[in-house]
Amino acid sequence: MNGEKKKRIIKNIKIDVNKCHGCRACEVACAAFHSKPKYSSVNPARSRIRIVKDELNNIFFPIRAGAYTKSECTGRQTYVIDGKDYGACNLCNVSCPARDMFKEPDSGLPLRCDMCEDDPTLKEPVCVQWCLVDALTYEEREEEYEESPPIEDMEIALDDVVQKYGLDKVLDGLARITKKS
Ligand code: SF4
Ligand code: SF4
Ligand code: SF4
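Keep in mind that this is a model prediction, so the values were computed, not measured. (Residues numbered from 1 in each chain as written. Chains lettered and ligands numbered in written order. Predicted model: local features only at pLDDT ≥ 70, side-chain atom pairs only at ≥ 80, totals over all residues.)

A. Spotlight on the overall build of the chain. Looking only at helices and strands, the chain has four helices and six strands in total. Against the compact-globule benchmark of 16 Å for 181 residues, the chain has a radius of gyration of 24 Å, which places it well outside the compact range. Principal-axis analysis of the C-alpha atoms places the extent of the chain at approximately 75 × 45 × 35 Å. Taking contacts inside the chain between residues at least 6 apart in sequence as the whole, the part at least 24 apart equals 61%. (Helix = DSSP H or I, 4+ residues; strand = E, 2+ residues; numbered from the N terminus. Rg over C-alpha atoms; globule rule 2.2 N^0.38 Å. Contact = placed C-beta atoms within 7 Å.)

B. Region of the structure containing the domain arrangement of the chain. Segmenting the chain into domains produces domain 1 (7–144) and domain 2 (154–180). For domain 1 versus domain 2, the distance between C-alpha centres works out to 49 Å. (Domains from an automatic or database assignment.)

C. Examining the site of ligand 1 more closely. With respect to spatial proximity, the complete set of residues near ligand 1 consists of Thr 69, Glu 72, Cys 73, Arg 76, Ala 88, Cys 89, Cys 92, Val 94, Cys 96, Ala 98 and Arg 99. Across the shell around ligand 1, the residue classes break down as seven nonpolar, one polar and three charged. (Near = placed C-beta within 6 Å. Nonpolar A, V, L, I, M, F, W, Y, C, P; charged D, E, K, R; others polar.)

Laid out in structure tokens, this is it:
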């Protein structure tokens, strides 16, 4: 009763921090692409990629918006490097109540990188296209996964169990399992 093996494409953007020089073209491109109508405005606060920077030390770090969480995490650490404080939030890609990053500035709704899903599909996400120094590179890989058995298969299996043990025993067993959990 195993599920059918299928293939899906996993999309990723690799980041090379050493190549990023903080030009913010990726922010601008992302914000413009996601404005409505497309390319009608540019507000980097709406971008799903942001550059965290420490200009004095020539450090630029692109972060893509990830999942939304309702609560900020606790026990955040602070690091002191060369006498400068770094909070754990700096490199976090989550949209959470602790800060304004990755929130739509007008509505406050969370923003998340959608890999520039479009119809027709883009060859590469726009942030990658506009990163002229290849600090961002797009890659795809194929992954095999097992699809859950269709409902009809489960019904056939359940029928077999009921025929073998009787409906009462099956219901008893289910009641016990439900109590335990
Ligand atoms: S932004 Fe800060 S508080 Fe929010 S999830 Fe990330 S690390 Fe935790
Ligand atoms: S992949 Fe698209 S949505 Fe995601 S950060 Fe880049 S431009 Fe924005
Ligand atoms: S476009 Fe490339 S180099 Fe410029 S800030 Fe974005 S990641 Fe860095």
